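Notes for the structure review
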Amino acid sequence: MLSTRAQILDAARRLFVRQGYHGTSIREIAEQLGMTKTAVLYHFPTKADILAAVADPFLTDLEAALARVTTRQEVFEALLDVHLEHRTLLRDNVIQELTRLAQAPTLRRFTELMADANRIAAGPDPTLAEKVRAAQAIAALSDPVTAFADEPVDRLRAEVLRGVARLYAE
């Protein structure tokens, strides 16, 4: 059985997907679980805290992935693997809700992780062209995962990496 906290996050995620973050109230989350609004607020003081907790596993996996990479190709593969692992979160626009909300600590964490990925992918002392190419490649990782989340992971991974490689084909 899931903990109360995990149940709240699960119900919130389903409601965020169906109604959007702004269209979901804490009262509705509580009703989904047969609990009071106060009980939900005991675990999460604000709705933004719930959204941040829903996004946390994705961000934690991004941090872990970036901590173990040193080359451009490793960055692309590691980020893609994290995107594939969390493809339903991406497909369901939960991360987009987070960025629109501009919830300071969580958004800052995401922004810093993407900046780190861009720095590694661009290489040492990059030119503007190398920085742009790295940013394009990193941006190209998530959209196909979102658009084709139901495709077989192995095939999708191969096609995305093939597309990113084409950005670097001179």
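We now turn to the structure provided with this report.

A word on the overall build of the protein. Of regular secondary structure, the protein possesses 10 helices and 0 strands. Secondary structure elements of the protein, listed N to C terminal, follow the sequence α-α-α-α-α-α-α-α-α-α. The dimensions of the protein, computed from C-alpha atoms along their principal axes, are 60 × 35 × 25 Å. Expressed as a percentage of its 170 residues, the buried residues of the protein come to 38%. Relative to all contacts within the protein whose residues are 6 or more apart in sequence, the contacts with residues 24 or more apart total 69%. A total accessible area of about 9,400 Å² is found for the protein, and carbon and sulfur atoms account for 53% of it.

Okay, the pattern of salt bridges next. This model, assessed by the stated rule, comprises 8 salt bridges. For Glu63, the salt bridge identified is with Arg109, shortest N-O distance 3.0 Å. Of this pair, Glu63 sits in helix H4 (residues 47–67) while Arg109 sits in helix H8 (residues 104–122), and the two are 46 residues apart along the sequence. The class of Arg109 is partly exposed, set by a relative accessible area of 21%. The residue Glu159 makes a salt bridge to Arg162 at a minimum N-O spacing of 2.7 Å. Of the two residues, Glu159 and Arg162 both sit in helix H10 (residues 153–168), 3 residues apart, roughly one turn of that helix. Residues joined in a network through salt bridges with shared partners are Asp56, Glu63 and Arg109.

With that out of the way, let us pick up the packing of aromatic side chains. Applying the stated rule across the entire model yields 3 aromatic pairs. Directly above the ring of Tyr21 sits Lys47, whose terminal nitrogen or CZ lies 4.3 Å from the centroid.

What follows is about H4. Its 21 residues give H4 an end-to-end C-alpha distance of 30 Å, which sits within 8% of 30 Å, the value for a rise of 1.5 Å per residue. The largest bend in H4 amounts to roughly 40° and is located at Asp56, with the proline Pro57 lying one to four residues further along.

Moving on: the nonpolar core. Of all hydrophobic cores here, the largest spans 47 residues; its most connected members are Ile50, Leu62, Phe76 and Leu79. When residues of this core are traced back to their parent elements, those giving at least two are helix H1 (4–19), helix H2 (26–33), H4, helix H5 (72–85), helix H6 (87–91), H8, helix H9 (128–147) and H10. When residues of this core are assigned to their parent elements, the largest contribution, 10 residues, is made by H4. Look past the residues within four positions of Leu62 in its chain and what remains in contact with it is Leu79, Val82, Phe110, Leu113 and Met114.

Three or more residues of H2 are buried, namely Ile26, Ile29 and Ala30. Projected down its long axis, H2 carries its buried residues within an arc of 95°, all on one side. On its buried face, H2 is in contact with H1, helix H3 (37–43) and H4. Gly34 sits one or two residues past H2 and shows a positive phi near 70°.

The next thing to look at is the environment of Arg133. Mapping Arg133 onto the fold places it in helix H9. A C-alpha to C-alpha distance of 16 Å links Arg133 and Leu80, two positions 53 residues apart in sequence.

Right, let's get into the packing of H1 against H2. The contact between H1 and H2 brings their axes to 9 Å, and the two run at 120°. Judged by the inter-axis angle, H1 sits oblique to H2. Considering the relative orientation of H1 and H2, their crossing is right-handed. Counting all contacts with H1, which are made through Gln7, Ile8, Ala11, Ala12, Arg14, Leu15, Phe16, Arg18 and Gln19, the residues of H2 involved are Glu28, Ile29, Gln32 and Leu33. Here the contact of H1 with H2 is composed, by residue class, of 7 nonpolar, 3 polar and 3 charged.

Basis of the calculations
Residues numbered from 1 in each chain as written. Predicted model: local features only at pLDDT ≥ 70, side-chain atom pairs only at ≥ 80, totals over all residues. Heavy atoms only, no water. Helix = DSSP H or I, 4+ residues; strand = E, 2+ residues; numbered from the N terminus. Buried < 20%, exposed > 50% of the residue type's maximum accessible area, 1.4 Å probe, protein only. Contact = heavy atoms within 4.5 Å. Areas by Shrake-Rupley, 256 points an atom, 1.4 Å probe, with all protein chains shown as cover. Salt bridge = Lys/Arg side-chain N within 4 Å of Asp/Glu carboxyl O. Phe/Tyr/Trp six-rings, centres within 6.5 Å; stacked < 30°, edge-to-face > 60°. Lys NZ or Arg CZ within 6 Å of the ring centre and 35° of its normal. Expected span 1.5 Å × (residues − 1). Bend = angle between axes of the 7 residues up to and from the residue. Core = buried A, V, L, I, M, F, W, Y, C linked by side-chain atoms within 4.5 Å. Arc of directions from axis to C-beta. Axes fitted to C-alpha atoms, helices over the stretch in contact; angles between N-to-C directions. Parallel < 35°, antiparallel > 145°, perpendicular 65-115°, else oblique. Left-handed = near helix turned anticlockwise from the far one by under 90°. Nonpolar A, V, L, I, M, F, W, Y, C, P; charged D, E, K, R; others polar.

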